[in-house]
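An overview of the molecular structure
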Amino acid sequence: MEKARFYLTFSITLLITTICNAQSNYKTIPKDFEKLSGSWQGSLTYLDYSSGKPYTMPADIEIKRINKTNKFVFLNIYPKEASANSIDTITISTDGKYIDKELVKSRQKLANGLIEIITEELGKDGNDNKRATIRHTYTLGKTSFNKRKDVQFVGETKWIKRHEYSYTKKPSS
């Protein structure tokens, strides 16, 4: 009986600690993204649904936090395809549980010191706009930043790697 009480107490303590740590981890997401501010150089590799083959092209990004808010501007620059350049603004919820409308599923520090943030949302993807779960995986470091999009169509069990941006931090001038 004493052992059972010990294991129960230990399990409850571990559960509470895990929940508290998970909540505090989410609140650090704006600080994680703040560290991305600056200029990055890299590439975009995406799956061409028509051919079924991956295609890679140069892609750069400038990231800026809007004042002290939880909003970040992403200026996407495609050196060989300027007509594709775009500006995105993401908003991280105050509690850190959402990036735009995407639910943060996890935030963890990896063994190599990088931070991995995974979000998911229901949406549509593909040439025929099929319903799908869309997962974004952000991997953040001091000198590297990756953003990957995976898609799982409704009724399927397989995830498809839709695209991945891979960046290296440009030195400050």
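The present account deals with the structure reproduced in this document. The structure displayed is predicted, hence computed values, not measured ones.

1. Focus on the layout of surface pockets
The volume enclosed by the largest pocket comes to roughly 290 Å³. Mapped onto the lining of the largest pocket, the elements with two or more residues apiece are β3 (71-77), β4 (86-91), β8 (130-140), β9 (144-153) and β10 (160-169). Partitioning the lining of the largest pocket into residue classes produces 9 nonpolar, 4 polar and 6 charged. If you go around the second largest pocket, the residues you meet are D32, K35, L36, R107, K109, N112, G113, L114, I115, L140, G141 and K142. Among the residues making up the lining of the second largest pocket, the classes are represented as 4 nonpolar, 3 polar and 5 charged.

2. Notes on the nonpolar core
Formed by 24 residues in total, the largest nonpolar core has its most connected members in I29, F33, F74, I99, I117 and F145. For this core, the secondary-structure elements that each account for two or more residues are α2 (29-34), β1 (38-48), β2 (53-65), β3, β7 (115-125), β8 and β10. The contacts of F74, once residues within four sequence positions are left out, are F33, I61, E62, I63, S86, I87, D88, I90 and F145.

3. Thoughts on the environment of D100
As for its placement among the helices and strands, D100 is situated in the loop between β5 (98-99) and β6 (102-109). D100 sits in the partly exposed class, given a relative accessible area of 38%. Between the C-alpha atoms of D100 and T89, which are 11 residues apart in sequence, the distance is 8.9 Å. Ignoring any residue separated from it by four or fewer positions in sequence, one finds D100 in contact with T89, I90 and T91.

What counts as what
- Residues numbered from 1 in each chain as written.
- Predicted model: local features only at pLDDT ≥ 70, side-chain atom pairs only at ≥ 80, totals over all residues.
- Heavy atoms only, no water.
- 1 Å grid on protein atoms, 1.4 Å probe; cavity = no way out; pocket = protein on both sides within 12 Å on 5 of 7 lines; lining within 4 Å.
- Points joined across faces, edges and corners; volume = space filled by probe spheres on them.
- Helix = DSSP H or I, 4+ residues; strand = E, 2+ residues; numbered from the N terminus.
- Nonpolar A, V, L, I, M, F, W, Y, C, P; charged D, E, K, R; others polar.
- Core = buried A, V, L, I, M, F, W, Y, C linked by side-chain atoms within 4.5 Å.
- Buried < 20%, exposed > 50% of the residue type's maximum accessible area, 1.4 Å probe, protein only.
- Contact = heavy atoms within 4.5 Å.

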